[in-house]
Amino acid sequence: MPRIPPELCTRCKGFRLLCGLPSCPILDRLRSQTRSLQRAGWRRDVEGPTPPSILVGERGYPRVRLYYMVPPGASPQDASRYEDPQGWRERGVPLASIVRLRSELLAGSIQLNAARRAFERLYELEIAPAALSSRPVDSMVELLRTPVPRVSFDGYTKPVGPTAPARRVVVGGNPSLEPKLERVLWEDEKAEPLAWELYRSGVDVYRIQRALSLGALGRLRNRRLVPTRWAITAVDEMLSRRLRDSLRGRPWIDTLEVYYSEYLHNRFLIILLPGAGWMEWIEIWHPHGLWTQTAAAPLVWRVAEDPLGRKTAEDGGFSAAKLPILEHLSARGRNADAIIVREILPQYYAPVGNWHIRETVRAAMKRPIARGLSHGELERLAGGLVNEWPLAKRHITLLKPRPTLEDFL
Amino acid sequence: MGLVRMVDARLYFSDARTWRYMVGSIEKIVEEGVFVATGEGLSFRALDTSHVAMVDLFYPSSAFVEYEVSGKDSVEFGVSFELLAKVLRRARKDDELVIEVDGEKLYVKLKSRGERVFKIPQIMLSYEKLPEPKISFTVRARMLSSTFREVVKDLEPHSESITFKATDEALLAVGRSDIATAEIEMSVSRGSLLDFDAESNDKASYSIEYFSEMLSSAQAADSVAIRFAEDAPVRVDMEYLGGGRLTFYVSPRLE
């Protein structure tokens, strides 16, 4: 394998191709290893209930592929566990099971032009309503050839199983749409207010992401397909912006609070401090992990965001973590500065999408594990939870004393 | 007889672009705030959300072509700077600016050959007068606004912080990040400073971002005055034609 600086890999996560190679050697190897997970003997016609599960690819934009995924032969009751971020996190489904589940989904791909009335077409084909349904929808995918047995990964979206171009997708069952969602599908309004409206009426983030991705939100004449990876972060950012607005002028929390959770060999330590809403994201990648096979020492990556939501770098992982923290603060009506430390252990061998960041942080924010600690106590607590705490701490600026102008008024 | 409409305040300024550039900077630091127009002039003071910086504006009534504040001692009007900046961004060379406060409405007019009228809502904000920060400055320096802009632009690309250091004769501006440092020396003898006075060889560091945000307002200023003291806030005054002044206070970073 070519020697690529691991710093590059942790930023690239296999899709920006910062190393200059035509495809990511790390993902290629992972893909070839997961081949063995496949079950042999697929036919060209695949029947099954879509959980629903779709993906809009980004290669070749605006000529993109839409993947319509179906677990062949699964029962409708069973189908939803193939696409269930919240459930996976709640039940603590391990990494290997998620990879296996996703490898059992068969994807039929349709080529579409993102800008050419794609949503209308998908709506007529009933693919859009099926993809937004809150229950699995019986479907039949006629493939042009037998699928290549493989699983594809990237850092943001869930793994995609064996894939082949589809001759057609027939939606057999009745999609069931939440009434609120059904109402906004044809509303001539920008995507952000619509996403916010859906979110506030309780539609879950993953369904909003899917709606944006299908081109179901936005001014009617400007609608287009949005590659899933882009849509995920776009929705996180849109909702975070609104939540930040709702917190404007609210009082600060009273004291330091610590939250913690761990899932899929990823640890999240969140420290809230009285403050106006600064955020700091510290990512620590252990060596010998997926992206850090050649690293000699842990790698650190930092993103900071000011109270107006301006950040030092774009990072989908940070955006995914930010949303549940702002949800938590908005529910309390309080402002706080937040430090999020993500420690990635080497056992995180396959990237399964950034949903786990959102869900694990959300779980962590349910209750604090400690409040009102002194600096010494925080030191001991954090040191016990995160192996590389001293390294993380060197990069955290929010714990250092920060004079404000009020000290001088 | 023509119809004369009574407004609460009418401020007529000869160069709309000065306001465009000032508001361009203010917008980056505070989202909204209350202007106060009295017989002496127009003023504004607000802290940024994280309370690290303060914006303090004063423009004397004598700097306006026409300046009318009706009846009462003062007229207050709240604005969203995002909105005001959007309007003022349309200001071109030769445009004059008229701001009219009429009840709950705010008219911003750009006049050159024609007149463009923008009506924006006032926002209702509770207004409490902030005190001026009390700092005993030990170092004072004045420079042309172009010098200030060059210094910030030189440091910006590779710095997270800007450190001011005073020697007996010169002011040093040092930019620093994990990888690189940059140092700029300014003095009266070399012609880069207009005035310089240091009571002691103090130094202090600040986040570079706030200085980047000041660049827009410096574009229309004549000169820039910087004052600081050891590990104390910095005061940066943008000095405009006619005695207008836009001041930024930024609290120090402890290194």
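Residues numbered from 1 in each chain as written. Chains lettered and ligands numbered in written order. Predicted model: local features only at pLDDT ≥ 70, side-chain atom pairs only at ≥ 80, totals over all residues. Heavy atoms only, no water.

Attention now moves to the overall build of chain B. Tallying secondary structure elements over chain B gives four helices and 18 strands in all. Its C-alpha radius of gyration of 19 Å places chain B within 12% of the 18 Å reference for a compact globule of 255 residues. Considering only C-alpha atoms, chain B reaches an extent of 65 × 35 × 30 Å along its principal axes. Evaluated residue by residue, chain B yields a buried proportion of 55% over its 255 residues. Put simply, 65% of the contacts in chain B that link residues at least 6 apart link residues at least 24 apart. Total accessible area computed for chain B in this model is approximately 11800 Å², and 47% of it derives from carbon and sulfur atoms. (Helix = DSSP H or I, 4+ residues; strand = E, 2+ residues; numbered from the N terminus. Rg over C-alpha atoms; globule rule 2.2 N^0.38 Å. Buried < 20%, exposed > 50% of the residue type's maximum accessible area, 1.4 Å probe, protein only. Contact = heavy atoms within 4.5 Å. Areas by Shrake-Rupley, 256 points an atom, 1.4 Å probe, with all protein chains shown as cover.)

Residues and elements named next belong to chain A. Of note, Ser240 is situated in helix 11 (residues 228-246). A sequence separation of 101 residues divides Ser240 from Ser139, and the C-alpha atoms of the two residues are 35 Å apart. A polar contact of 2.7 Å, which involves the side chain of Ser240, links it to the backbone oxygen of Asp236. (Polar contact = N/O pair within 3.5 Å; in protein donor to acceptor, adjacent residues only side chain to side chain.)

Take the side chain of Arg229(A) next. Residue and element names in this part refer to chain A. By secondary structure assignment, the location of Arg229 is in helix 11. Within the structure, the side chain of Arg229 is placed 2.5 Å from the side chain of Glu58, a separation counted as a polar contact. Sequence-distant contacts of Arg229, that is, excluding residues within four places in its chain, are made with Phe15, Glu58, Asp154, Tyr156 and Thr157.

This paragraph deals with the domain arrangement of chain B. Residues and elements named next belong to chain B. Domains assigned within chain B are domain 1 (9-121) and domain 2 (139-250). One C-alpha centre belongs to domain 1, the other to domain 2; they are set 26 Å apart. In this complex, domain 1 contributes 20 residues to the contact, which on the side of domain 2 involves 19 residues. Each partner contributes to the roughly 1600 Å² buried at the junction of domain 1 and domain 2, and carbon and sulfur atoms together form 58% of this total. By the criterion of area lost to domain 2, the three top residues of domain 1 are Tyr21, Ser25 and Asp56, representing 32% of everything that side buries. For the interface between domain 1 and domain 2, the tally reads nine residue pairs in polar contact (both at pLDDT 80 or more). (Domains from an automatic or database assignment. Buried area = accessible area lost by both parts, 1.4 Å probe.)

With that out of the way, let us pick up the pattern of salt bridges. Residues and elements named next belong to chain B. Counting across every chain of the model gives 52 salt bridges over all chains. Two residues, Glu66 and Arg10, come together in a salt bridge whose shortest N-O distance is 2.7 Å. Taken as a pair, Glu66 in strand 5 (residues 66-69) and Arg10 in strand 1 (residues 9-13) lie far apart in primary sequence, 56 residues in all. Here Glu66 falls in the partly exposed class, since its relative accessible area comes to 32%. The buried category is assigned to Arg10, whose relative accessible area is 19%. Between Lys111 and Glu115 there is a salt bridge, with the nearest N and O atoms lying 3.6 Å from each other. (Salt bridge = Lys/Arg side-chain N within 4 Å of Asp/Glu carboxyl O.)

On to the interface of chain B and chain A. Listed by partner, the interface residues are 25 residues for chain B and 13 residues for chain A. Buried area between chain B and chain A, summed over both chains or domains, comes out near 1700 Å², and the portion from carbon and sulfur atoms is 64%. Across the chain B-chain A interface, the total number found is three salt bridges. Of the charged contacts in the structure, one is a salt bridge between Glu213(B) and Arg310(A), with a shortest N-O distance of 3.4 Å. Taken together, the connections running from chain B to chain A amount to seven residue pairs in polar contact (both at pLDDT 80 or more). Counting residues per element, the ones that place at least two in the side of chain B that touches chain A are strand 4 (53-60) and helix 4 (208-220) of chain B. Grouping the constituent residues of the side of chain B that touches chain A by class yields 14 nonpolar, four polar and seven charged. (Nonpolar A, V, L, I, M, F, W, Y, C, P; charged D, E, K, R; others polar.)

So, about the domain arrangement of chain A. Residues and elements named next belong to chain A. In terms of domains, chain A is made up of domain 1 (37-171), domain 2 (179-247) and domain 3 (257-404). Here the C-alpha centre of domain 3 lies 32 Å away from the C-alpha centre of domain 1. Across the boundary between the two partners, domain 1 contributes 18 residues, which contact 20 residues of domain 3. With both sides pooled, the region where domain 1 packs onto domain 3 buries about 1400 Å², and carbon together with sulfur makes up 67% of that total. On inspection of domain 1 and its partner domain 3, the count reaches zero salt bridges. Remark: the boundary between domain 1 and domain 3 carries three residue pairs in polar contact (both at pLDDT 80 or more). Mapped onto the side of domain 1 that touches domain 3, the elements with two or more residues apiece are helix 4 (85-91) and helix 5 (95-103).

Here we come to the packing of aromatic side chains. Counted under the stated rule, the structure contains 25 aromatic pairs over all chains. Measuring from centroid to centroid gives 6.3 Å for Tyr206(B) and Phe211(B), while their planes differ by 50°, and the two rings are tilted. Accessibility assignment for this pair places Tyr206(B) and Phe211(B) in one class, buried. Members of the aromatic cluster, connected to one another through ring pairs, are Phe13(B), Trp19(B), Tyr59(B), Phe64(B), Tyr67(B) and Tyr240(B). The side chain of Arg81(A) reaches across the aromatic face of Tyr82(A), ending 5.3 Å from its centre. Its guanidinium or amino end placed over the ring of Tyr12(B), Lys111(B) lies 5.3 Å from that ring's centre, counting from NZ or CZ. (Phe/Tyr/Trp six-rings, centres within 6.5 Å; stacked < 30°, edge-to-face > 60°. Lys NZ or Arg CZ within 6 Å of the ring centre and 35° of its normal.)

For the rest of this paragraph, the subject is the sheet that holds strand 1 (residues 45-50) of chain A. Residues and elements named next belong to chain A. The six strands lie next to each other as 1-5-6-4-3-2, forming an open sheet whose pairing is mixed. Whereas interior strands pair on both sides, the edge strands pair on one side only; in this sheet they are strand 1 and strand 2 (54-56). On average, adjacent strands in this sheet sit at an angle of 40° to one another, irrespective of strand direction. Summarising the sheet, strand 5 (residues 137-143) and strand 6 (residues 163-171) pair through five bridges and their orientation is antiparallel. Residue pairing across strands places Leu143 opposite Ala166, the latter belonging to strand 6. (Pairing = 2+ DSSP bridges. Axes fitted to C-alpha atoms, helices over the stretch in contact; angles between N-to-C directions.)

As a further point, take helix 12 (residues 316-332) of chain A. Residues and elements named next belong to chain A. Taking 1.5 Å of rise per residue, the 17 residues of helix 12 would be expected to cover 24 Å, and the 25 Å separating its terminal C-alpha atoms lies within 8% of that figure. Of all 17 residues in helix 12, 14 are buried; the element is thus mostly enclosed. The N-cap of helix 12, judged by a side-chain oxygen 2.8 Å from the amide nitrogen of Gly317 a few residues on, is Asp315. Downstream of helix 12 by one or two residues, Gly333 has phi in the positive range, about 65°. (Expected span 1.5 Å × (residues − 1).)

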